[in-house]
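# Structural description and commentary
Below are the chains, spelled out letter by letter.
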Amino acid sequence: MTELSPKWQLLTDATWTEWTSIQKLQFDRVNAGAGAQAIPVQDYEWKNSWRFALGGIYKYSDTINLKAGVAYDITPVPDERRKVRLPDEDRITFAVGSQYKLDKATTFDVAFQYVMPDKAKIDSTEGTGGAQSRVLGTAEGDAFILSGQVSYKF
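Predicted model, so just to flag it, every value in this text is computed and none were measured.

Once their charged atoms are close, side chains differing in charge can pair, the charge on each being opposite to the other. Per the stated rule, a full pass over the model turns up ten salt bridges. In this structure, Lys-59 and Asp-62 form a salt bridge, with 3.8 Å as the shortest nitrogen-oxygen distance. A salt bridge links Lys-67 to Asp-109, with the shortest nitrogen-to-oxygen separation between them at 3.6 Å. Of this pair, Lys-67 sits in strand S6 (residues 64-73) while Asp-109 is found in strand S8 (residues 106-117), placing the two residues 42 residues apart along the sequence. Relative accessible area serves as the criterion here: at 17%, Asp-109 is assigned to the buried category. Here the salt bridges do not stand alone but share partners, grouping Asp-13, Arg-51, Asp-73, Asp-88 and Arg-91 into one network.

Dropping the structure here:
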């Protein structure tokens with residue numbers, strides 16, 4: 001955080017996430033019946049990734065702060081590992097918010113985010129044995145997030 005003036009603050013962030021620690025997800029059935037099929041292993045083989053963010057806070061008054069920012073997330077999912085269940089792709093997030101300080105102990109925060117991922121190209125084959133199927137296409141969609149928070153300091 002950098003104080004630009006008594007009313008303005010600049011915030012920056014760069015986050016590295018070690019997604020390579022998640023290579024697969026495996027479940028074992030306990031007390032399964034004699035004919036129960038094994039649960040397929042989910043192979044992820046994710047890569048490590050970065051997130052970069054830039055934001056600002058404007059001190060409107062002693063009780064009200066206005067906030068805005070933008071972030072860029074690089075997906076940990078390699079193109080060849082992208083599945084229909086997790087069509088993750090790089091994304092940009094825009095956010096605006098406000099904080100109201102009721103008193104020394106109580107604050108109210110509200111924020112709105114718009115998440116805009118890139119189109120995710122999918123070319124995957126799923127299933128086992130003769131029950132395999134290929135999915136070829138793109139996944140796309142945006143997200144709108146409205147959040148609120150009340151904080152109280154003891």
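Taken together, Leu-4, Trp-8, Leu-10, Leu-54, Val-70, Phe-94 and Met-116 make up a surface patch of nonpolar side chains, about 600 Å² in accessible area. Note on placement: Phe-94 falls in strand S7 (residues 91-101).

All right, on to the packing of aromatic side chains then. Centre distance and the angle of the planes are the two values used to describe a pair of aromatic rings. Counted under the stated rule, the structure contains seven aromatic pairs. Measuring from centroid to centroid gives 6.3 Å for Phe-112 and Phe-144, while their planes differ by 25°, and the two rings are stacked. Of the two residues, Phe-112 sits in strand S8 while Phe-144 sits in strand S11 (residues 143-152), which places them 32 residues apart along the sequence. Here the aromatic rings of Tyr-152 and Phe-154 are separated by 5.5 Å at their centres, their planes lie at 85°, and the arrangement is edge-to-face. Among the residues examined, Phe-154 registers a relative accessible area of 95% and is labelled exposed. The rings of Trp-16, Trp-50 and Phe-52 are connected pair by pair, giving a single aromatic cluster.

The rules behind these values
- Residues numbered from 1 in each chain as written.
- Predicted model: local features only at pLDDT ≥ 70, side-chain atom pairs only at ≥ 80, totals over all residues.
- Heavy atoms only, no water.
- Salt bridge = Lys/Arg side-chain N within 4 Å of Asp/Glu carboxyl O.
- Helix = DSSP H or I, 4+ residues; strand = E, 2+ residues; numbered from the N terminus.
- Buried < 20%, exposed > 50% of the residue type's maximum accessible area, 1.4 Å probe, protein only.
- Patch = residues over 30% accessible without salt bridge, like charges linked within 9 Å, V, L, I, M, F, W, Y side chains within 5 Å.
- Areas by Shrake-Rupley, 256 points an atom, 1.4 Å probe, with all protein chains shown as cover.
- Phe/Tyr/Trp six-rings, centres within 6.5 Å; stacked < 30°, edge-to-face > 60°.

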